[in-house]
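The primary structure of each chain is shown beneath.
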Amino acid sequence: MTLSGKTAIVTGSNSGIGLGVARELAKAGADVVLNSFTDRDEDHALAAEIAAETGTNTRYIKADMSKGDECRALIETAGACDILVNNAGIQYVSPIDQFPVDKWDAIIAINMSSTFHTTAAALPMMRSAGWGRIVNIASAHGLTASPFKSAYVAAKHGVVGMTKSVALETAQEPITCNAICPGYVLTPLVEAQIPDTMKEYSMSREDVIKNVMLERQPSKEFATVEQLGGTAIFLCSDAAAQITGTTISVDGGWTAL
Ligand code: NAD
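Nothing here was measured: the structure is a model prediction, and the numbers come from that model.

1. Description of the packing of aromatic side chains
Inference 1: Tallied over the full model, the rule gives 2 aromatic pairs.
Inference 2: A ring pair is formed by Tyr-92 and Phe-99, whose centres lie 5.6 Å apart and whose planes are at 75 degrees; its orientation type is edge-to-face.
Inference 3: Given the relative accessible area of 28%, Tyr-92 is considered partly exposed.
Inference 4: For the ring pair Tyr-184 and Trp-254, a centre distance of 5.5 Å and an interplane angle of 20 degrees mean the geometry is stacked. Placement of the pair is Tyr-184 in the loop between strand 6 (175-182) and helix 6 (188-201) and Trp-254 in the segment after strand 7 (247-250), with a sequence separation of 70 residues. Accessibility classification places Tyr-184 together with Trp-254 in one group, the buried group.
Inference 5: We note Lys-6 situated over the ring of Trp-131; from NZ or CZ to the ring centre the distance is 4.1 Å.

2. As for the site of the ligand
Inference 1: The full set close to the ligand counts 31 residues, and Asn-14, Ser-15, Ser-36, Tyr-152 and Thr-187 are the nearest of them.
Inference 2: One of the side-chain N or O atoms of Ser-36 is found 2.6 Å from an oxygen atom in the ligand.
Inference 3: Between Gly-183 and the ligand, the recorded distance is 3.4 Å, taken from a backbone N or O atom to an oxygen atom.
Inference 4: When the ligand is considered free in solution it has 820 Å² of accessible area, and contact with the protein chains removes 93% of it.
Inference 5: Mapped onto the shell around the ligand, the elements with two or more residues apiece are helix 1 (16-27), strand 2 (31-36), helix 5 (150-169) and helix 6.
Inference 6: No other element matches the 3 residues that helix 6 contributes to the shell around the ligand.
Inference 7: Looking at side-chain class alone, the shell around the ligand contains 16 nonpolar, 13 polar and 2 charged residues.

3. What about the pairing of strand 4 (residues 83-86)?
Inference 1: Burial along strand 4 is two-sided: the residues Ile-83 and Val-85 and Leu-84 and Asn-86 are all buried.
Inference 2: Inspection of the sheet shows strand 4 paired to strand 5 (residues 132-137) by 4 bridges, in the parallel sense. In the strand pairing of strand 5, Ile-83 is matched with Arg-133.
Inference 3: What joins strand 4 to strand 5 is helix 4 (residues 101-129), and the crossover it makes is right-handed.

4. As for helix 6
Inference 1: Taking 1.5 Å of rise per residue, 14 residues should cover 20 Å, and helix 6 covers 20 Å from first to last C-alpha, within 8% of that figure.
Inference 2: When the local axis directions of helix 6 are compared, the greatest deviation, roughly 30 degrees, occurs at Pro-195.
Inference 3: Contacts from the buried residues of helix 6 go to helix 7 (205-213).
Inference 4: Just beyond helix 6, the residue with positive phi is Ser-202, at close to 50 degrees.

5. Considerations on the pairing of strand 2
Inference 1: Taken across its 6 residues, strand 2 has 5 buried, putting it largely inside the fold.
Inference 2: Bridging between strand 1 (residues 7-10) and strand 2 involves 4 bridges; their strand directions are parallel. Across the sheet, the residue bridging to Ala-8 is Val-32, located in strand 2.
Inference 3: In the classification by handedness, the crossover that spans strand 1, the intervening helix 1 and the parallel strand 2 is right-handed.
Inference 4: Bridge count between strand 2 and strand 3 (residues 59-62): 4 bridges; the pairing is parallel. Bridging across to strand 3, Val-33 finds its partner in Arg-59.

Procedures and definitions
Residues numbered from 1 in each chain as written. Predicted model: local features only at pLDDT ≥ 70, side-chain atom pairs only at ≥ 80, totals over all residues. Heavy atoms only, no water. Phe/Tyr/Trp six-rings, centres within 6.5 Å; stacked < 30°, edge-to-face > 60°. Buried < 20%, exposed > 50% of the residue type's maximum accessible area, 1.4 Å probe, protein only. Helix = DSSP H or I, 4+ residues; strand = E, 2+ residues; numbered from the N terminus. Lys NZ or Arg CZ within 6 Å of the ring centre and 35° of its normal. Near = heavy atom within 4 Å. Polar contact = N/O pair within 3.5 Å; in protein donor to acceptor, adjacent residues only side chain to side chain. Areas by Shrake-Rupley, 256 points an atom, 1.4 Å probe, with all protein chains shown as cover. Nonpolar A, V, L, I, M, F, W, Y, C, P; charged D, E, K, R; others polar. Pairing = 2+ DSSP bridges. Right-handed = clockwise from strand over helix to strand, strands pointing away. Expected span 1.5 Å × (residues − 1). Bend = angle between axes of the 7 residues up to and from the residue. Contact = heavy atoms within 4.5 Å.

This is the structure we're talking about:
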């Protein structure tokens, strides 16, 4: 399928899943807006590299997804938004009675409230273009829980709930809103959890990967960023026009358990 002529904005896309999804959207022909909170030469170089590889007008716009006005400014600065992928996210692992308040606030802001702000800003553009796709990167933790991840689990369940509301608000328009729920994907976000989890459970890196992370992923394999990009492309296709307000798990069977 071709997404030529469409503008796709992917929040939090200078690394990991966001970057993988952005690459797949550009390969399908979309002009992609990459985003993060930094404004480094390498961020712009990444966008230029994807633009050159795919022949698309892919660019990078800095905006901090922890701030509502910057979320909205990202959409306004892009000037068009046919496909919105809400992906920016952070993680912090701690028992709830020791959970730092600033970490709670940051996770709720970046992982959940940013989706409210970008969606609110993007919907009028989708309506005037007569077509739109909102793809929220939630998590298996949007459907189920793990200990020590109270903020993340709350935020991701919130995103899944918001997905359903937005789908109902747009149900009679050519706009869909869905959530992809990945299991474990070996990205910098997951790499960063390994040392803390090694400490928490007194385990080696290999044992954390096999016995903690992939313990709940029956396939015993990480999902890949390319698979998530492919799922996003499917949600943008005509075949998915009647798929709205739902979740698609890409978790090797985790939530079937
Ligand atoms: P990552 O750390 O590689 O990427 C996170 C992205 O968000 C980066 O581009 C980072 O720059 C950006 N970001 C962080 N704070 C931001 C801010 N304030 N403003 C703008 N951008 C910001 O992590 P990832 O694993 O690729 O995670 C991407 C999304 O996928 C997250 O929402 C995460 O919760 C979700 N997810 C990841 C996994 C996994 O196993 N990796 C599983 C399920 C869901």
